[in-house]
Amino acid sequence: MPEWLTYRLSDFLMFTPGTYYRLFERQNEALWPLQLFTLALGLVLTGTAWRDAGRRQVLPGLLAMVWVFVAWAFHWQRYAPINLAAKWFAAAFVLEALLLAGWAVRMAATPAAASRSRVGLVMSLFGLGLLPLIGPLLGRS
């Protein structure tokens, strides 16, 4: 019984950090050059959200499709073999996709309001411009 006190939190990890990083590398290699398409799509969506409030209902609908793709391609296909909870993560992503699709339908039924958010623009540009550079800046492929 006293040996239980010798365990650390890291002893309960299902995989090493290196395995986790390699998972992302393999996913990105398998999907290449889809990343370029999604980057371009993200820029188009950001521009659409900023300029044209009349087409705003398209944005959550497209995000819903991306969420379903991530649920299947990453959580279900790649992450599930090394994490017991990954299938639950996939289910949560699908639920969020359904909520986004419902939001898109609701937005289509209501009149457009011209609302712009600088915070949203900054977050979008951060996700599109700086976030992809974090791995290479930290020495990862």
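Just above, that's the structure.
Quantities reported herein were computed from a predicted structural model and do not represent experimental measurements. Throughout, a residue's number is its position along its own chain's written sequence, starting from 1. For a predicted model such as this one, the threshold for reporting local features is a pLDDT of at least 70, and the threshold for listing and counting side-chain atom pairs is 80 or more; totals across whole chains, interfaces and linings nevertheless cover every residue. Side-chain numbers come from the whole structure's heavy atoms, not from hydrogens or water.

Student: Honestly, the overall build of the chain in this entry has me stumped. Any pointers?
Tutor: To qualify as a helix, a DSSP run of H or I must reach at least 4 residues; to qualify as a strand, a run of E must reach at least 2; elements of each kind are numbered from the N terminus. The number of helices and strands found in the chain is six helices and zero strands. Values of the radius of gyration come from C-alpha atoms, whereas the globule rule sets the reference at 2.2 Å times the count of residues to the power 0.38. For 141 residues, the compact-globule formula gives about 14 Å, and the C-alpha radius of gyration of the chain, at 19 Å, lies well above that figure. Projected onto its principal axes, the C-alpha positions of the chain cover 65 × 30 × 30 Å. Buried, partly exposed and exposed residues are distinguished by accessible area as a fraction of the type maximum, computed with a 1.4 Å probe on protein chains only: under 20%, between the cut-offs, and over 50%, respectively. The buried share among the 141 residues of the chain stands at 18%. In what follows, residue pairs with any heavy atoms lying within 4.5 Å of each other are defined as contacts. Contacts in the chain between residues at least 24 apart in sequence constitute 73% of all its contacts with a sequence separation of at least 6. By element, 71% of the accessible surface of the chain is carried by carbon and sulfur atoms, the whole surface being about 10,600 Å². For accessible areas, the Shrake-Rupley method is used with a probe of radius 1.4 Å. Any residue's cover is judged against the shown protein chains and nothing else.

Student: What's the story with the side chain of Gln27 in this structure? I'm lost.
Tutor: Here Gln27 lies in helix H1 (residues 17-31). Relative accessible area serves as the criterion here: at 9%, Gln27 is assigned to the buried category. A 3.5 Å cut-off defines polar contacts: any pair of N or O atoms within that distance qualifies, except that in protein one atom must be a possible hydrogen donor and the other a possible acceptor, and neighbouring residues in sequence count only when both atoms are side-chain atoms. Reaching out from Gln27, the side chain makes a polar contact with the backbone oxygen of Ala73 at a distance of 3.5 Å. Setting aside anything within four residues of it in sequence, one finds Gln27 in contact with Ala73, Phe74 and Arg78.

Student: Just checking my understanding: could you explain the side chain of Asn83 for this structure?
Tutor: Here Asn83 shows up in the loop between helix H3 (58-79) and helix H4 (86-109). Looking at Asn83, its side chain comes within polar contact range of the main-chain nitrogen of Ala85, at 2.9 Å. In contact with Asn83, not counting residues within four places along its chain, are Met14, Phe15 and Phe89.

Student: How do you make sense of unusual backbone geometry when you look at a structure like this?
Tutor: Excluding glycine, residues mostly have negative phi values, and the peptide bonds linking residues are mostly trans. Note that the residue after Trp32, namely Pro33, is joined by a cis bond; omega there is 10°. Structurally, Pro33 is set in the loop between H1 and helix H2 (34-51).

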